[in-house]
Amino acid sequence: MQKLIVIICMAVFLVVMQTGCSNNASETSSALTQQESLSETPQTPRTNAVESPQNNLHSNSSSAPSEDIATIPYDPSKYFTDDELVFTGGVRLEMSYEEVLGIIGGYDEFFDNAPGVKSFKKNGVLYGFYESDGVYRLKNLNLSVSSKEIFPRGIKVGDKIEDVLNKFPGDDKTLRKWAYQNIYGGDHMEMFYAKLEFRMYDECYHLTVKTPKSMMAVNFDKKNCVRFIEIYGEGL
């Protein structure tokens, strides 16, 4: 009888041991499977956020010409008007120094010309300001040979004289050296006129377009292509 009891106890002990080993093996296998799964999953690397440097309003670094140039529709059969004098980003004559600087976002060069006068250059355009009642206002612009900016009526450096003249009304557009030609309008006392002159001192053509409040001078080179453009506001 005692032998039978001992045999039963040993059998029960073996069953318990086998069950425990089986459970441990199952848990171990599950853990290994989970670990392998994690190791196969691609980990996303952590990156540190990089803050963009703030734009310096008075930065001396050059930038590409602006692409948001305000273009005003025009009729080449109509006189040139003051409403067409819109420049990069919507800049207009008589705007304050701060307004213009805010629109174009800084300058490449600054010039402290004289008391009551200052100017800066951006993308080959020289902006000139004159003080009036304590406020510096934009009175003139100069598009140099190095600029790719566009001035009113789509005129830019490098344009042929024939293409420029075709942007304005008038019939007397045949180039005649040493002649002074009225493109449209009468004498210099009128509010609207356009004159073409061949200047003897540099042997180049010079187009002057007048409006009631401004004047645009388009200067050509000896190949009859636009060399530079000047805009003058009231009082200059």
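**Structural notes on the pattern of salt bridges**
One pass over the structure, following the stated rule, counts 6 salt bridges. Arg153 is paired through a salt bridge with Glu84; the nearest N and O atoms lie 2.7 Å apart. A residue pair is termed long-range when its members are at least 10 positions apart, and Arg153 in the loop between β4 (135–143) and α3 (161–165) and Glu84 in the loop between α1 (2–40) and α2 (97–104) qualify at 69 residues. Using a relative accessible area of 4% as the deciding quantity, one classes Arg153 as buried. A salt bridge links Glu94 to Lys139; the nearest nitrogen and oxygen atoms lie 2.6 Å apart.

**Side note on the confidence of the model for the protein**
Across the protein, the average pLDDT comes to 77, with 69% of residues at 70 or higher. The low-confidence segment residues 1–9, where pLDDT is below 50, has 0 contacts with residues more than four positions distant or belonging to other chains. Low pLDDT, under 50, characterises residues 11–68; the stretch is placed with 27 contacts to residues that sit more than four places away or in other chains.

**Observations concerning the nonpolar core**
As a rule of thumb, soluble globular proteins bury nonpolar side chains together. One finds Val100, Phe120, Tyr127, Leu141, Phe168, Leu207 and Met216 to be the most contacted residues of the largest nonpolar core, which totals 38 residues. A per-element tally of this core places α2 first, with 4 residues. Beyond its immediate chain neighbours, meaning those up to four positions away, Tyr127 contacts Thr88, Val91, Val100, Ile104, Lys118, Ser119, Phe120, Lys122, Leu138, Asn140 and Leu141.

**A short note on the sheet that holds strand β5 (residues 180–184)**
In a beta sheet, neighbouring strands pair by backbone hydrogen bonds and run either parallel or antiparallel. Taking strand neighbours across the sheet as the criterion, the 9 strands line up as β1-β2-β3-β4-β9-β8-β7-β6-β5 in an open arrangement whose pairing is antiparallel. Pairing within the sheet leaves two strands with one partner each, and these edge strands are β1 (109–114) and β5. Taken over all neighbouring pairs, the strand axes of this sheet differ in orientation by 20° on average, direction set aside. For strand β3 (residues 125–132) and β4, the ladder comprises 8 bridges, and the chain directions are antiparallel. Residue pairing for β4: Val125 is matched across the bridge by Leu143. Sitting on the sheet, α2 touches β1, β2 (117–122), β3 and β4, and the angle it makes with β2 is about 10°.

**A closer look at α2**
Along α2, the residues that are buried comprise Tyr97, Val100, Leu101 and Ile104. For α2, the buried positions fall inside an angular range of 95° around the axis, keeping them on one side. Every exposed residue of α2 that faces more than 90 degrees away from the buried side is listed here: Glu98 and Gly102. On its buried face, α2 sits against β1, β2, β3 and β4. Looking at the residues trailing α2, positive phi occurs at Gly105, about 75°.

**Re the environment of Thr208**
Mapped onto the elements, Thr208 comes out in strand β7 (residues 204–210). Residue classification places Thr208 among the buried positions, given a relative accessible area of 13%. Residues Thr208 and Tyr193 lie 15 residues apart in sequence; the distance between their C-alpha atoms is 8.1 Å. Residues within four places of Thr208 in sequence aside, it is in contact with Tyr193, Ala194, Lys195, Met215 and Met216. Among the polar contacts listed, one links the side chain of Thr208 to the side chain of His206, at a separation of 3.3 Å.

**Describing the packing of aromatic side chains**
Aromatic ring pairs: the centre-centre distance and the angle between the two ring planes describe each pair. All chains considered together, the criterion is met by 11 aromatic pairs. Judged by centre distance (4.9 Å) and plane angle (75°), the rings of Phe198 and Tyr205 are edge-to-face. As far as the burial class goes, Phe198 and Tyr205 line up, both buried. Taken together through their ring pairs, the aromatic side chains of Tyr97, Tyr107, Phe110, Phe120, Tyr127 and Phe129 make up a single cluster. Positioned above the aromatic ring of Tyr97 is the side chain of Lys118, whose terminal nitrogen or guanidinium carbon lies 4.0 Å from the ring centre. Its end group placed over the ring of Tyr136, Lys118 keeps NZ or CZ at 4.3 Å from the ring centre.

What counts, and where the lines are drawn
Residues numbered from 1 in each chain as written. Predicted model: local features only at pLDDT ≥ 70, side-chain atom pairs only at ≥ 80, totals over all residues. Heavy atoms only, no water. Salt bridge = Lys/Arg side-chain N within 4 Å of Asp/Glu carboxyl O. Helix = DSSP H or I, 4+ residues; strand = E, 2+ residues; numbered from the N terminus. Buried < 20%, exposed > 50% of the residue type's maximum accessible area, 1.4 Å probe, protein only. pLDDT = per-residue confidence, 0-100. Contact = heavy atoms within 4.5 Å. Core = buried A, V, L, I, M, F, W, Y, C linked by side-chain atoms within 4.5 Å. Pairing = 2+ DSSP bridges. Axes fitted to C-alpha atoms, helices over the stretch in contact; angles between N-to-C directions. Arc of directions from axis to C-beta. Polar contact = N/O pair within 3.5 Å; in protein donor to acceptor, adjacent residues only side chain to side chain. Phe/Tyr/Trp six-rings, centres within 6.5 Å; stacked < 30°, edge-to-face > 60°. Lys NZ or Arg CZ within 6 Å of the ring centre and 35° of its normal.

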